[in-house]
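# Inside the fold
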Amino acid sequence: GDAADESGRLLLYLGDFLGLSALVALFLSSLGSAYLFRTWLVRRSRTFALHQVLGLSFRQAAAIPAVQVLLLSLGAVPLALVFGLAEQEALSYLVRTLSPVEVEAKLNGAAALLALGVASVGTFSLSLPFLWSLRGLSPKDLLGGRLPDPGFPARLALLFFPPALFLYGLAVYESQSWRTAG
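Description of the structure in this document. Not measured: the values here are computed from a predicted model. (Residues numbered from 1 in each chain as written. Predicted model: local features only at pLDDT ≥ 70, side-chain atom pairs only at ≥ 80, totals over all residues. Heavy atoms only, no water.)

## Topic: the pattern of salt bridges
- Under the definition given, this model contains one salt bridge.
- Here Glu6 and Arg9 are joined by a salt bridge, their closest N and O atoms 2.7 Å apart. Taken together, the residues Glu6 and Arg9, both in helix H1 (residues 2–43) and three residues apart, mark about one turn of the helix.
- You can call Arg9 partly exposed: its relative accessible area is 37%. (Salt bridge = Lys/Arg side-chain N within 4 Å of Asp/Glu carboxyl O. Helix = DSSP H or I, 4+ residues; strand = E, 2+ residues; numbered from the N terminus. Buried < 20%, exposed > 50% of the residue type's maximum accessible area, 1.4 Å probe, protein only.)

## A word on the side chain of Ser125
- You can see Ser125 is positioned in helix H4 (residues 109–133).
- For Ser125, a relative accessible area of 16% translates into the label buried.
- With sequence-adjacent residues up to four places away left out, Ser125 is seen in contact with Leu159 and Pro163. (Contact = heavy atoms within 4.5 Å.)

## Comments concerning the environment of Phe48
- Examined against the element boundaries, Phe48 turns out to sit in helix H2 (residues 45–53).
- Its relative accessible area of 3% is what places Phe48 among the buried residues.
- C-alpha separation for the pair Phe48 and Gln60, spaced twelve residues apart in sequence, amounts to 10.0 Å.
- If sequence neighbours within four positions are ignored, Phe48 has contacts with Phe58, Ala61, Ala62, Leu134 and Leu142.

## Observations concerning H4
- For H4, which comprises 25 residues, the first-to-last C-alpha distance of 37 Å matches the rise-based estimate of 36 Å (1.5 Å per residue) to within 8%.
- A bend of about 30° at Ser127 is the largest found in H4, and the proline Pro129 appears one to four places after it.
- If you check which residues of H4 are buried, you get Val118, Ala119, Ser120, Gly122, Ser125, Leu126, Ser127, Pro129, Phe130, Leu131 and Ser133. (Expected span 1.5 Å × (residues − 1). Bend = angle between axes of the 7 residues up to and from the residue.)

## Concerning the packing of aromatic side chains
- Tallied over the full model, the rule gives two aromatic pairs.
- On the numbers, 5.7 Å between centres and 35° between planes, the contact of Phe37 with Trp40 is tilted. Note that Phe37 and Trp40 are positioned in helix H1 at a spacing of three residues, about one turn of the helix.
- According to the relative accessible area criterion, Phe37 is buried, its value standing at 8%.
- Seen from their ring centres, Phe48 and Phe58 are 5.7 Å apart, and the 75° between their planes marks the pair as edge-to-face. With a gap of ten residues between them, Phe48 in helix H2 and Phe58 in helix H3 (residues 58–98) connect regions that are remote in the sequence. Accessibility classification places Phe48 together with Phe58 in one group, the buried group. (Phe/Tyr/Trp six-rings, centres within 6.5 Å; stacked < 30°, edge-to-face > 60°.)

Written as structure tokens, this is what we have:
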């Protein structure tokens, strides 16, 4: 009866809260990933310059680290899904022992495809501004030991707008409210 309905309503609120918390974690992990990529790219800038000296165009040289990052992100998704399934089983057991309401936790194909999309598109779109920032440096400077400037031109900061808009759209979709997502 009444207690089961109340428990169900509270579990729905908990699910909404956990979904939004996951989006905050996704945003923070995106910031961390961008920082790690920037650090990795600065360390690999001499290799980047060497590719250009050997005859690759800027786009071809930039495609190498972009593909590497894309492959790493696509490789991380199956691992994350396996760990998520294990956590899901543990959470289902915990809810079963603490609540009279049966909650079926499942991971469907749409969620797995969304994770794959976020990992691939998100990683590529976050790495693009950093790759583009190397455009102004000559291979001679990079091979001579001049590291890319740690600053970031304001016009390149606009390249971060699409991933930020995408994360905001995910928050609106998850919360199903403009007000809650903001």
